[in-house]
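Results of the structural survey
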Amino acid sequence: EILRCLVGSEMCIRDRYRGNAAVYENIAENLRYLRASRDPVYSQREIAKKLHVSKSTYARYERGELIPPLWFLHQVAVFYGVSVGVLLSKELGKE
């Protein structure tokens with residue numbers, strides 16, 4: 001269901017899952033997990049620079065305070081070699 005929503009605009013994700021804290025928490029947890037699992041571990045500032053967002057914006061994505069737009073999720077997926085669907089639906093740190 002999440003993947004079908006990705007076909008539309010990034011607003012589709014926000015509208016479809018507004019109020020669904022589990023999806024947002026998965027994204028935030030997965031961002032933290034992926035960053036921490038790198039060798040060497042990147043700081044939030046370093047990863048934000050690599051993904052072309054400000055450090056404060058990236059930190060808000062990791063805390064689940066801000067919903068990342070689809071273009072950003074795509075960049076994260078390419079950078080870490082995972083799919084956008086995985087970023088949205090799985091808890092990577094619990095596999």
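Higher on the page you've got the structure.
Anyway, here's the lowdown on the structure attached to this text. (Residues numbered from 1 in each chain as written. Predicted model: local features only at pLDDT ≥ 70, side-chain atom pairs only at ≥ 80, totals over all residues. Heavy atoms only, no water.)

Re the overall build of the protein chain
A count of helices and strands for the protein chain gives 7 helices and 0 strands. Put simply, the protein chain runs from its N terminus to its C terminus through helices and strands in the order α-α-α-α-α-α-α. For the protein chain, with 95 residues in total, the buried portion stands at 41%. Within the protein chain, residue pairs in contact and separated by at least 24 positions form 53% of the contacts whose partners lie at least 6 positions apart. Looking at the protein chain as shown, the accessible area adds up to about 5,600 Å², and 52% of this sits on carbon and sulfur atoms. (Helix = DSSP H or I, 4+ residues; strand = E, 2+ residues; numbered from the N terminus. Buried < 20%, exposed > 50% of the residue type's maximum accessible area, 1.4 Å probe, protein only. Contact = heavy atoms within 4.5 Å. Areas by Shrake-Rupley, 256 points an atom, 1.4 Å probe, with all protein chains shown as cover.)

As for the packing of aromatic side chains
Here the structure, examined in full by the defined rule, presents 5 aromatic pairs. Seen from their ring centres, W71 and F72 are 6.0 Å apart, and the 90° between their planes marks the pair as edge-to-face. One aromatic cluster is present, formed by Y58, Y61, W71 and F72 through successive ring pairs. (Phe/Tyr/Trp six-rings, centres within 6.5 Å; stacked < 30°, edge-to-face > 60°.)

Regarding the pattern of salt bridges
Throughout the structure, instances matching the rule amount to 3 salt bridges. Between E62 and R35 there is a salt bridge, with its nearest N and O atoms 2.6 Å apart. With E62 in helix α5 (residues 55-63) and R35 in helix α3 (residues 21-37), this pair connects stretches of sequence that are 27 residues apart. Given the relative accessible area of 2%, E62 is considered buried. For E65, the salt bridge is made with R63, and the minimal N-O distance between the two is 2.9 Å. Where salt bridges share partners, they join R60, R63 and E65 into one cluster. (Salt bridge = Lys/Arg side-chain N within 4 Å of Asp/Glu carboxyl O.)

Here's the deal with the packing of α3 against helix α6 (residues 70-80)
Contact geometry for α3 and α6: axes closest at 12 Å, N-to-C directions at 35°. Crossing of α3 against α6: the hand is left-handed. From α3, I27, L31, L34 and R35 reach across to α6, where they touch F72, L73, V76 and Y80. Along the lines of polarity and charge, the residues of the contact of α3 with α6 split into 7 nonpolar, no polar and 1 charged. (Axes fitted to C-alpha atoms, helices over the stretch in contact; angles between N-to-C directions. Left-handed = near helix turned anticlockwise from the far one by under 90°. Nonpolar A, V, L, I, M, F, W, Y, C, P; charged D, E, K, R; others polar.)

Quick notes on the nonpolar core
The tendency in soluble globular proteins is for nonpolar side chains to be buried as a group. Formed by 22 residues in total, the largest nonpolar core has its most connected members in L31, Y58, F72 and V76. For this core, the elements supplying multiple residues, two or more each, are α3, α4 (44-50), α5, α6 and α7 (84-89). The element best represented in this core is α6, accounting for 6 residues. Setting aside its immediate chain neighbours within four residues, L31 contacts Y58, Y61, E62, F72 and V76. (Core = buried A, V, L, I, M, F, W, Y, C linked by side-chain atoms within 4.5 Å.)

Things to note about the environment of A77
Its place among the elements puts A77 in helix α6. The exposure class assigned to A77 is buried, which follows from its relative accessible area of 6%. Taking the C-alpha atoms as reference points, A77 and L87, 10 residues apart in sequence, are found 7.4 Å from one another. Excluding anything up to four places from it in sequence, A77 contacts V82, S83, V84 and L87.

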